[in-house]
Structure formats: C-alpha cells, structure tokens
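Secondary and tertiary structure notes
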Amino acid sequence: MPRYDLTGKVALVTGAASGIGKATAIRLAKEGANLALGDLKDLSELCDSLKNYGVKVVALKLDVSDYSSCESFYKSALSELCVERVDILVNNAGINRDSLFVKMSFEQWDDVIKVDLYSMFNMTKQVVPKMLENSWGRIVNVSSISWLGNIGQANYSAAKAGVIGFTKTLARELAKHGITVNAVCPGFIDTPMTRAVPEKIREMILSRIPMKRIGNPEEVASVIAFLCSDDASYITGEVIGVTGGLVL
Ligand SMILES: NC(=O)c1ccc[n+]([C@@H]2O[C@H](COP(=O)([O-])OP(=O)(O)OC[C@H]3O[C@@H](n4cnc5c(N)ncnc54)[C@H](O)[C@@H]3O)[C@@H](O)[C@H]2O)c1
C-alpha cells in the first residue's frame, strides 16, 4: 500500500545496487515511481524484481564521478523509459576511504571527493533543466552525519559537508520553480559500507547511539520517499538526520 503516491513520476537513483540506494529504489517502486537506476555494479537482478511492482525500470552502468558517464546515462535512461524528463533525483552513490589525515594518500582524498562531491554536480546538472521547464522537481542528496567532522574521515567529511552547502544553495536557487532540494544524513546504517568497519570501532559507535542499534537502509529510504512526495512540498534546504540520535 503506497504511503506517498509517486505514481507516474520518474525517479533517478544513483548507487542503486546496494544498501541505501537499493532500499530507496525498492521503496520508490512501491510508491509507484518509474525508475532509472545507475551503479558501477550490475543491476539486472534488482531491475527484474522491481518490475513486479508494475513500474517501468531501466538499469544502466554509471560512474557518478565522471561527467560524460552521467550525461550519457541520463540520455539513455530517458530514451529507454520513453520519457522526456526525470522528476525525482536521489544522489546516493558514495564511497569512503578512511584514514587518519597524516596517513591519507592523495588517491584516497581524490577518489572520495570525486565520487561523493563531484557526483552532485555531474548528475544534478543533467536533470535540472527539464525540472525547471516542468516547474516541479525533487532532489534528495545523501550526505552523512560525518559532515560534522569525524576522525579518520577528512576526505569523506569534506565531501559530505560540501553536499550540504550544495543542497542549501540549490534549494535557494530553485525554490521559486517548484523544485525542492534536501539532504539526508544517515548515522550508522547496516550496509556493505559499514560492514567493512572493524568490530572494535562498530562497538564504539554503537555505544554512542542513544537507540542502541544500527539503522536499516529502509529507515533511510522512507525519509527519502517522504522528501520526494507532495507531502514534503514546503520543505527545502533541510538537512535531516536519520541517526537513532547519534551525534558525532
Ligand atoms: N551506511 C551508512 O552508515 C551511511 C552513513 C552515512 C551516509 N551514507 C551514505 O549513503 C550512501 C549509500 O551508502 P551505502 O551505505 O548504501 O553504501 P553501499 O556501499 O552499500 O552502496 C553504495 C553504492 O554506490 C555504488 N557506487 C560507488 N561508486 C560509484 C560510482 N562512482 N558511480 C556509481 N555508483 C557508485 C556502489 O557500487 C554501491 O552499489 C553513500 O553516499 C554513503 O556515503 C551511508
């Protein structure tokens, strides 16, 4: 039973093969949205399963750090879905390459900034012109509670703080055109990204979460779905934590 009816909307989700992106794709399909899904990884299994919700789905290879990949992904997705625009963009794809700053290599810095921050420009640039023509759009950027600063994440925190500045600026520029732009900041969510965190550090983070549990990707996806809906029509430029109360 859909809660936020997105029937007939076209939603683009990056990093849809795993974790929060996958949960978001599933949730948006349940809400009736047609989907353009992109990832470096293969999406064919997810694509097939989502068609059971009666929506159109196209899944294509995408590298969000590369402008021309985003450009050709967008063009191919529109053509395969036989639509003229994307109504909803979820900029979700992201990576971490954690290291104390003194040990951080240029590659660790560069990779994270390119995937987590350049991606915002690369993909958003594709969708905004048609959203402007249609005077309606929803953009949700996945940042992180780490934007506030976190030991071992100078690269990731810088990128995710950049996402917040990007979100707030775009929100102001696009508000009068019916386009909302918001950021979600997950805390510690059970996905392949966090499963790679050493047990000792997981325990330490868990002890600092007031809810005393790790979050599920579906708990982030539901906030994203809300922000994509008409129910969130007067919310823009906001940064919404999904953290179980965790403050770094
Ligand atoms: N899991 C958490 O606790 C947590 C907390 C805060 C923020 N986040 C953010 O949530 C988002 C999703 O993370 P997740 O935990 O689901 O991670 P994940 O590793 O499970 O999924 C990330 C997906 O992005 C894809 N991806 C990576 N680089 C890409 C690229 N260049 N182009 C296209 N796709 C690419 C991966 O293949 C993968 O499918 C990220 O932006 C992450 O920074 C996660």
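Going by the annotation in an unreviewed UniProt entry, the name recorded for the chain is 3-oxoacyl-ACP reductase, with Candidatus Marsarchaeota G1 archaeon OSP_D given as the source organism. Under the UniProt heading Sequence similarities (unreviewed entry), the note attached to the chain is "Belongs to the short-chain dehydrogenases/reductases (SDR) family."

This brings us to the nonpolar core. Within the largest apolar cluster, 33 residues are counted, with the highest numbers of intra-cluster contacts made by Leu 28, Leu 35, Leu 37 and Ile 224. Contributions of two or more residues to this core are made by β1 (10-14), α1 (19-30), β2 (34-39), α2 (44-50), β4 (88-91), β5 (137-142) and α8 (217-228). Among the elements that take part in this core, α8 stands out by supplying 6 residues, more than any other. When neighbours within four sequence positions are excluded, Leu 28 is seen to be in contact with Leu 6, Ala 11, Val 13, Ala 33, Leu 35, Val 90, Ala 225 and Cys 228. Formed by 32 residues, the second largest nonpolar core is a distinct cluster that contains Leu 60, Val 112, Val 128 and Ala 171.

A separate point is the UniProt feature "active site" (unreviewed entry) in the chain. This chain's UniProt record puts "active site" (unreviewed entry) on Tyr 156. A relative accessible area of 8% places Tyr 156 in the buried class. Discounting residues that sit within four places of it in the chain, Tyr 156 has contacts with Ile 95, Asn 96, Val 112, Asp 116, Ser 144, Ser 146 and Met 193.

Lining the immediate environment of the ligand, one finds 29 residues, of which Ser 18, Asp 39, Asn 92, Tyr 156 and Thr 191 sit closest. Asn 92 is positioned with one of its backbone polar atoms (N or O) 2.7 Å from an oxygen atom of the ligand. Measuring from an oxygen atom of the ligand, one finds a side-chain N or O atom of Thr 191 at 2.5 Å. Look at the ligand: alone it shows 820 Å² of surface, and the protein chains cover 94% of it. Elements that contribute at least two residues to the shell around the ligand include exactly α1, α5 (154-174) and α6 (192-195).

Now for the side chain of Thr 243. Tracing the backbone shows Thr 243 in the segment after β7 (239-242). Of the residues examined, Thr 243 reaches a relative accessible area of 15% and is grouped as buried.

Under the criterion given, the structure shown has 2 aromatic pairs. On the basis of an interplanar angle of 55° and a centroid distance of 5.6 Å, the ring pair of Tyr 4 and Phe 226 is categorised as tilted. Highlighted residues: Tyr 4 in the segment before β1 and Phe 226 in helix α8, separated in sequence by 222 residues. The class of Tyr 4 is buried, set by a relative accessible area of 13%. Note on Phe 226: relative accessible area 25%, which makes it partly exposed. Between the NZ or CZ atom of Lys 9 and the centre of the ring of Trp 136, over which it lies, the distance is 3.9 Å.

Our focus in this paragraph is the sheet that holds β4. The parallel open sheet is built from 7 strands, whose spatial order is β3-β2-β1-β4-β5-β6-β7. Each edge of the sheet is formed by a strand with only one pairing partner; in this case those strands are β3 (57-61) and β7. Along the sheet, successive strands turn relative to each other by an average axial angle of 15°, direction set aside. Contacts between α5 and the sheet are confined to β5, β6 (179-186) and β7, with β6 contributing the most and set at about 160° to the helix.

What follows is about the pattern of salt bridges. Applying the stated rule across the entire model yields 8 salt bridges. Across the salt bridge formed by Asp 87 and Arg 85, the nearest N and O atoms sit 2.8 Å from each other. Taking the shortest distance from any N to any O, the salt bridge between Glu 219 and Arg 213 comes out at 2.7 Å. Classification of Glu 219 as partly exposed rests on a relative accessible area of 29%. The class of Arg 213 is partly exposed, set by a relative accessible area of 38%.

So, how was this worked out
- Residues numbered from 1 in each chain as written.
- Predicted model: local features only at pLDDT ≥ 70, side-chain atom pairs only at ≥ 80, totals over all residues.
- Heavy atoms only, no water.
- UniProt positions renumbered as here; feature names shortened; annotations may be inferred.
- Core = buried A, V, L, I, M, F, W, Y, C linked by side-chain atoms within 4.5 Å.
- Buried < 20%, exposed > 50% of the residue type's maximum accessible area, 1.4 Å probe, protein only.
- Helix = DSSP H or I, 4+ residues; strand = E, 2+ residues; numbered from the N terminus.
- Contact = heavy atoms within 4.5 Å.
- Near = heavy atom within 4 Å.
- Polar contact = N/O pair within 3.5 Å; in protein donor to acceptor, adjacent residues only side chain to side chain.
- Areas by Shrake-Rupley, 256 points an atom, 1.4 Å probe, with all protein chains shown as cover.
- Phe/Tyr/Trp six-rings, centres within 6.5 Å; stacked < 30°, edge-to-face > 60°.
- Lys NZ or Arg CZ within 6 Å of the ring centre and 35° of its normal.
- Pairing = 2+ DSSP bridges.
- Axes fitted to C-alpha atoms, helices over the stretch in contact; angles between N-to-C directions.
- Salt bridge = Lys/Arg side-chain N within 4 Å of Asp/Glu carboxyl O.

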